[in-house]
Amino acid sequence: MRRFSCPTCANEVHFRNSHCITCGSELGYLSESDRIMAAPSGSGRWEDEGAVWHACANRQAIGCNWLVEGGRLGAAEADVPLAGSLCLSCRHTLVIPDLSRPENAERWAMLEEAKRRLFYSLVKFRLDVGDLQAGPDTALRFEFKADELSADGSKRRVLTGHENGLITINVAEADDPTREKHRKAMGEPYRTLIGHFRHEIGHYYWDRLVADGPALAECRRLFGDERADYADALARHYDEGAPPQWQATHVSAYACAHPWEDFAETWAHYFHIVDGLETAGWYGLEGLGQGVDPMDRAAPGWAEAGPYGADEFTPLAKAWVPLTVAMNAMNRSIGLSDFYPFVLSDVILGKLAFIHRLIHAPR
Ligand SMILES: [Zn+2]
Ligand SMILES: [Zn+2]
Ligand SMILES: [Zn+2]
C-alpha cells in the first residue's frame, strides 16, 4: 500500500481516512487514478479538472471512503444525486449481514475495509473482476453472512469459502476474539481478514486464469493434480493433518489439503509480498535486512510502476525475504508474535513465480 497526503494541507492521511484530522477536509479515494481527493467539509462532492465525484452510498453506514464518478462538471448527470451508487469495491458485495443485530454493522464495516485493500491490489494488477450486469455469474461476488439459530435451537453455520465466483465470509471472522479462537483451534500461525480475502479470490482466479487454459499443465506440475477428490482430500487433511516436512514444499499446513488450497494459499502470499513491498518502499524500509539495499528499484517494471508492476518475480523475492527477517526481529523485540510466520523454500518460491507470471501474462 502506498502513502497518501491530504491534497489541501499535505498532512499524511491513510487509505481508510474519510477526513483529514488536520484541516477537516472530506477525503475520498479514487481507485482509477490511485489518489485521495479532498472536498470542503460537508460538501459531499469532489471536483477536479472539470469532473465531479460523489461519495460511495455506503459512506455513512460503514465509512467507505471510495468515490463514484459523477460525470463532467456542468453536465446534467453530474448534478443528479447518486443515492444508491456504490463504489467499485462495495458494488461487488451482494449480501450484507442482518443490520438489526447491533454487532453486524461494525463487522460489515471491517470486512469492507479489508475488501477495499483487496480491490486496491486487484486494480493495480489489472485483474478483471468481471461485469456484474453483463456477466453476473462470472463476476467476482461476495456475501457476508452470520450463523443463524434455527427454530429448533440448532445453529445454521455459515462456512467461509468460494463457489463459482461467489465468496462467502462468515461475519464472525471480523470479531477479533472469534477469529483468534479459530486460529488457535486450526493451529494456524496467521489468520486475518485480508488473508481470507486474498485466499478466497485465489480460487476465483484459478477458475478464470488456469482452468482449461495454457497454464494448466504447469500449474498441475507445481501444485499437484486438482482432479483429486476435493471433499475426500479435505476430510483427510482435517483427520491426519499436514505430512511431516510440509514446510519444504507448502507455504502453510492448510496448503497441503488439496492442490486448489495450495494455489489459493500461495496466491494470497503473492499479494502479501507485493503489497508489503510497496508499503516498505513508501516508508523507506529498504536495507532492513543485512545493511544492504535488497530492493532492486531499478528492476524492469518496478522502476516505473512499483512492485505491482515488476516484470520478474526474482527481484521481489530477493527484497521480501530479508525484510521479513528484519520485521520478525522487530516484532520479537517488543514481544509480539512474528510479523511473517512463514518460510519460503525454493519450491514455494517457484510456485510464487508461477503466480507472478499468471497475473502478469498479457490478457
Ligand atoms: Zn488536510
Ligand atoms: Zn464503497
Ligand atoms: Zn480455500
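The protein carries the name Zinc-ribbon domain-containing protein in an unreviewed UniProt entry, which gives Hoeflea olei as its organism.

(A) Representation of the coordination of the zinc ion (ligand 3). All of the protein donors around the zinc ion (ligand 3) are His199 (NE2), His203 (NE2) and Glu261 (OE); their distances to the metal are 2.0 to 2.1 Å. Spacing between the donor residues of the zinc ion (ligand 3) along the chain follows H-x3-H-x57-E. Of the two residues, His199 sits in helix H5 (residues 193-210) while Glu261 sits in helix H8 (residues 259-282), which places them 62 residues apart along the sequence. A relative accessible area of 2% places Glu261 in the buried class.

(B) Main features of the pattern of salt bridges. The final tally for this structure, using the stated rule, is 24 salt bridges. Arg183 is paired through a salt bridge with Glu180; the nearest N and O atoms lie 2.7 Å apart. Of the two residues, Arg183 and Glu180 both sit in helix H4 (residues 176-185), three residues apart, roughly one turn of that helix. A cluster of three or more residues bridged by salt bridges with shared partners is formed by Arg220, Asp225, Glu226 and Arg227.

(C) Quick look at the nonpolar core. The biggest cluster of nonpolar side chains holds 78 residues, and the ones touching the most others in it are Leu122, Leu140, Ile201, Tyr205, Phe263, Trp267 and Tyr270. If you tally residues by element for this core, the top one is H5, at nine residues. Counting residues in hydrophobic clusters, the runner-up holds seven residues, among them Leu30, Met37, Ala39 and Trp46.

Thresholds applied
Residues numbered from 1 in each chain as written. Chains lettered and ligands numbered in written order. Predicted model: local features only at pLDDT ≥ 70, side-chain atom pairs only at ≥ 80, totals over all residues. Heavy atoms only, no water. Donors = N, O, S within 2.8 Å, 3.2 Å for Na, K, Ca; no water. Helix = DSSP H or I, 4+ residues; strand = E, 2+ residues; numbered from the N terminus. Buried < 20%, exposed > 50% of the residue type's maximum accessible area, 1.4 Å probe, protein only. Salt bridge = Lys/Arg side-chain N within 4 Å of Asp/Glu carboxyl O. Core = buried A, V, L, I, M, F, W, Y, C linked by side-chain atoms within 4.5 Å.

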